[in-house]
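Each chain, letter by letter, is given below.
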Amino acid sequence: MRPSSTLASRFLSLLLVAVIASAVPGVRCSDRRFPHLDRVRELHRQEGSSSAEQEAAARGLLERLLPSHSASFDFRTISTEQCGGKACFIISNHPLFDGEGTPEILILGASGVEISAGFHWYLKHYCTAHVSWYKTGSSQLSSIPHPGSLPRVPAGGVFIQRPVDWSYYQNAVTSSYSFAWWDWERWEKEIDWMALQGINLPLAFTGQESIWQRVFQRYNISKSDLDDFFGGPAFLAWSRMANMHGWGGPLPQTWLDDQLALQKKILSRMHAFGMFPVLPAFSGNIPAALKSKYPTAKVTHLGNWFTVDSNPRWCCTYLLDASDPLFIEIGKLFIEEQIREYGRTSHIYNCDTFDENTPPLSDPNYISSLGAATFRGMQSGDNDAIWLMQGWLFTYDPFWEPPQMKALLHSVPVGRMIVLDLYAEVKPVWINSDQCMLHNFAADFEMYGVLDALASGPIDARLSGNSTMVGVGMSMEGIEQNPIVYDLMSEMAFHHRQVDLQVWVETYPTRRYGKPVKGLQDAWWILYQTLYNCTDGKNDKNRDVIVAFPDVEPLVIQTHLYLSSGKLYSTIPPKIYEKGASNDEYEHPHLWYNTSVVVRALELFLQYGDEVSDSNTFRYDLVDITRQVLAKYANDVFIKIIESYKSNSKNQMVTLCQHFLDLVNDLDTLLASHEGFLLGPWLENAKGLARDREQEIQYEWNARTQITMWFDNTETKASLLRDYANKYWSGLLRDYYGPRAAIYFKHLLLSMEKNAPFALEEWRREWISLTNNWQSDRKVFATTATGDALNISRSLYMKYLRNADLLEPEGIFSPGSSASL
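Quick caveat: nothing in here was measured; it's all calculated off a predicted structure.

1. Digging into the overall build of the chain
Scanning the chain from N- to C-terminus turns up 27 helices and 17 strands. A burial count over the chain gives 65% of its 821 residues as buried. Considering only contacts in the chain between residues 6 or more positions apart, those separated by 24 or more positions represent 79%. Split by element, the accessible area of the chain, about 28200 Å² in all, is 49% carbon and sulfur.

This is how it looks when you write it as structure tokens:
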């Protein structure tokens, strides 16, 4: 999926609604039942883990998360009949409680997931606790009373029933942007997090290359043949989706074997909780060697996907035509091999046909045959298969008009396809199949969300007249960011009515930091109304100048500023072209809020921070909001640099350039103060999966390349996906983003001194060389935080923000004042 049709990303969003196949214009859905879904639900009950195993999984989670209270809770599974025919959990005061050392709270649930979600619900709503990822501050559990004094619930207990069956999680590319370097220890924490959020329908894509190796071996495809088919560890998601092949590879056999072993642990734990892991299925993506070994097979050579020069070494993959007999045969073998290897299945399989690849024919009959063959491949291997498809292709590619959509969706029997409505925060497919808004691209950093839509969208979708909704979920490209958004969205899986956000947002900082602080509640109310209230209908992809430096001639960039607040900051105006300028655009950052108001929220964080300075969750949020404010400030500094260049104000430009570079280094120091903003762990985790030095070098190159150039380049042509997975990580700013900006500023100065055009070609040559060298470097970066986040943030506020005033451009660096833009 690509934002604003500029860069490729993949299916995103925060809220996604699962719908049955008929949600297309002109195709109405009746209130008819879907018998096969009922059959799969029954199979889940029959084939799922035993009650004892699911209770044990929930108890294991309790002991890992809150070992001090392992005796305070009693967990038991109950039938869905006891839940009124739906999945539910019930929280009650334990009837046998008689003092410390005996269970205080009894949680009943229809599965291990329901028990875990009930446990989380109790911690959240009765103990004012908060569960988050380690990188976003970890869990706040200090507010939980000591064993023997846990809060009592109402005498009648708390009964929470799911309004819809499934809570979905992950995106096909999360596996590469977030999970690429995870070991079992990290996966165990994530599965615990899933269970606490009530997620019961997660993607399970790890280790599939080993299964594909076995399947293709039956067609005389060797390991060396597959070396050109599989991408490297950080790029597997896109080789799986037939976007490219070979980039970052080849995959060592040890990687294939280790990932398969890891997948077995993942599936075992997911099943133990009563989750229904979604396995992959065959979409037609084949290695080139299959075409040569079966020359009569009907094969389509797909077009270029974002390589610089259509280099066939990486682009233009091969797609087996659905009408070829091999298609169903391979699809069947792949499903059977997975079931044989894993020993069980949830009967739900993900397959995304033509993800960012346009079908060769628009004939609805062709599209229908493609869909039918894809499903028959699954069904041949598992007669009870359900096809789960991410609906991004319908919003990404104008190819998919109503006739083509209808042909694909109606090629599968009713009730045998689930479509994930990935853009449902703003313009969901269940309304009009139109494009909607994204949340997170490439695991980049931006405080961003649409909380109002999350609080109401799932309810509106479920209650709509033609609803065929069967679940809600989260499908971001990368996790470990914007914890407030995920906290709310996961909770929506259990709400029957729209959430009162005034109350919810007011209590959020109390849960997150462990105590009520009025000033921080006020700050979060500001953040809710600004950063988390994006209503302009645009997707968001972080293009801040620091992390996505413009690759354009300076004259292309418009410098007529207008104020976003009437007081402090400018926003970058729309893209402008000047006659004769570079064909490349300056992709301006998305700004949807009043920046000066967010500065006020930061001031409240700084003013009241001492009251919660020992809170890791607070420190994460403080670093994040300081980063957010200073990143937008840096965008304005850059505009002022370009303005000085155009007006030939050399001294002012030199001063501003140095100011920008100082800001980059200062931001790096800020980011270094919290573990969630470090480059080191990403690189060290990559190397940690290697078996030898050669693999270490390959894996680290993968990790460094994904977050910088991403894809191929020449000496003077940067990757079309450059900075797509940009990161505000300490080490990356000081070591790469700063030096890159310095190169651009050097050429600005040379242009002024020589009274010559900006040397765009030379800038690109030096920047690309810097990037390629950085990707191959082996420098080690810190994996632990250093410095006091609150003190650093306060000093940066004083240095850059206290006296900032765009209305006085001539006094930008007056003696004794902070920088003023």
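So much for the structure itself; the text now carries on.
2. Some words on the nonpolar core
Counting residues in hydrophobic clusters, the biggest one holds 263 residues, and the most contacted among them are Phe 660, Trp 710 and Phe 745. Per-element tally for this core: the top contributor is helix H21 (residues 616-646), with 16 residues. Those residues in contact with Phe 745 that lie beyond four places of it in its chain are Phe 549, Phe 638, Ile 641, Cys 657, Phe 660 and Leu 661. Judged by nonpolar contacts, the second largest core, of six residues, contains Ile 78, Cys 83, Cys 88 and Leu 106.

3. A short note on the pairing of strand S15 (residues 469-474)
Most of S15 is tucked away, with six of its six residues classed as buried. Where strand S6 (residues 166-169) lies against S15, four bridges are found, and the strand directions are parallel. Across the sheet, Trp 166 pairs through a bridge with Gly 471, a residue of S15.

4. As for the confidence of the model for the chain
Looking at the chain as a whole, its pLDDT mean stands at 88, while 88% of the residues score no less than 70. In this model residues 561-584 is a low-confidence stretch, pLDDT under 50, and it forms 74 contacts with partners more than four residues away in sequence or in other chains. Across residues 806-821 the pLDDT falls below 50, and counting only partners more than four positions away or on other chains, this stretch makes 46 contacts in the model.

5. Considering the packing of helix H5 (residues 184-197) against helix H9 (residues 253-273)
Axis separation between H5 and H9 bottoms out at 10 Å; the angle between their running directions is 25°. Classed by the angle they form, the pair H5 and H9 counts as roughly parallel. The handedness of the crossing between H5 and H9 comes out as right-handed. On H9, the residues touching Trp 184, Trp 187, Glu 188, Ile 191, Asp 192, Met 194 and Ala 195 of H5 are Leu 262, Lys 265, Ile 266, Arg 269, Met 270 and Phe 273.

6. Comments concerning the sheet that holds strand S2 (residues 73-77)
Sheet architecture is open: four strands sit in the order S2-S4-S3-S5, paired in mixed fashion. Strands at the two margins of the open sheet, each flanked by one partner only, are S2 and strand S5 (158-161). Here the average twist between neighbouring strands, direction ignored, is 15°. On the sheet, helix H3 (residues 112-126) packs against S2, strand S3 (88-93), strand S4 (105-109) and S5 and is oriented at approximately 50° with respect to S3.

7. A look at H3
An α-helical turn contains 3.6 residues, so any two residues separated by three or four positions project in the same direction. Between its first and last C-alpha, H3 extends 21 Å over 15 residues, near the 21 Å set by a 1.5 Å rise per residue. With 13 of its 15 residues buried, H3 lies for the most part within the structure. The N-cap of H3, judged by a side-chain oxygen 3.2 Å from the amide nitrogen of Val 113 a few residues on, is Ser 111. With its phi angle positive at about 55°, Thr 128 sits one or two positions after the end of H3.

Reading the values: the criteria
- Residue positions are counted from 1 within each chain, in the order its sequence is given.
- Note on the predicted model: pLDDT of at least 70 is required for a residue's local features to be given, and 80 or more for side-chain atom pairs to be given and counted; whole-chain, interface and lining totals, by contrast, use all residues.
- Side-chain measures here rest on the full set of heavy atoms in the structure, leaving out hydrogens and waters.
- Where helices and strands are cited, they refer to DSSP runs of H or I of at least four residues and of E of at least two residues respectively, numbered from the N terminus.
- The buried label goes to any residue with under 20% of its type's maximum accessible area, the exposed label to any with over 50%, and the partly exposed label to all in between, with areas taken from a 1.4 Å probe on protein chains only.
- Note on definitions: a residue-residue contact is assigned when non-hydrogen atoms from the two residues lie within 4.5 Å.
- Only the protein chains shown count as covering a residue, and every accessible area follows the Shrake-Rupley method with a 1.4 Å probe.
- Within this scheme, the nonpolar core is defined by two criteria: the residues are buried Ala, Val, Leu, Ile, Met, Phe, Trp, Tyr or Cys, and they are joined through side-chain atoms within 4.5 Å.
- Paired strands, as defined in this entry, are two strands with at least two bridges between them according to DSSP.
- Each residue carries a pLDDT score, the predictor's confidence in it, ranging from 0 to 100.
- Each axis is a line fitted through C-alpha atoms, taken for helices only over the stretch in contact, and angles between the N-to-C directions span 0 to 180 degrees.
- Every angle not falling under 35 degrees, over 145, or within 65 to 115 is termed oblique; those three ranges are roughly parallel, roughly antiparallel and roughly perpendicular.
- For a crossing to be left-handed, the near helix must be turned anticlockwise from the far one by less than a right angle; the clockwise case is right-handed.
- To estimate how far a helix should extend, the number of its residues minus one is multiplied by 1.5 Å.
- Polar contacts, as counted here, are pairs of nitrogen or oxygen atoms within 3.5 Å of one another; within protein the pair requires one atom able to donate a hydrogen and one able to accept it, and residues that are adjacent in sequence qualify only if both atoms are side-chain atoms.

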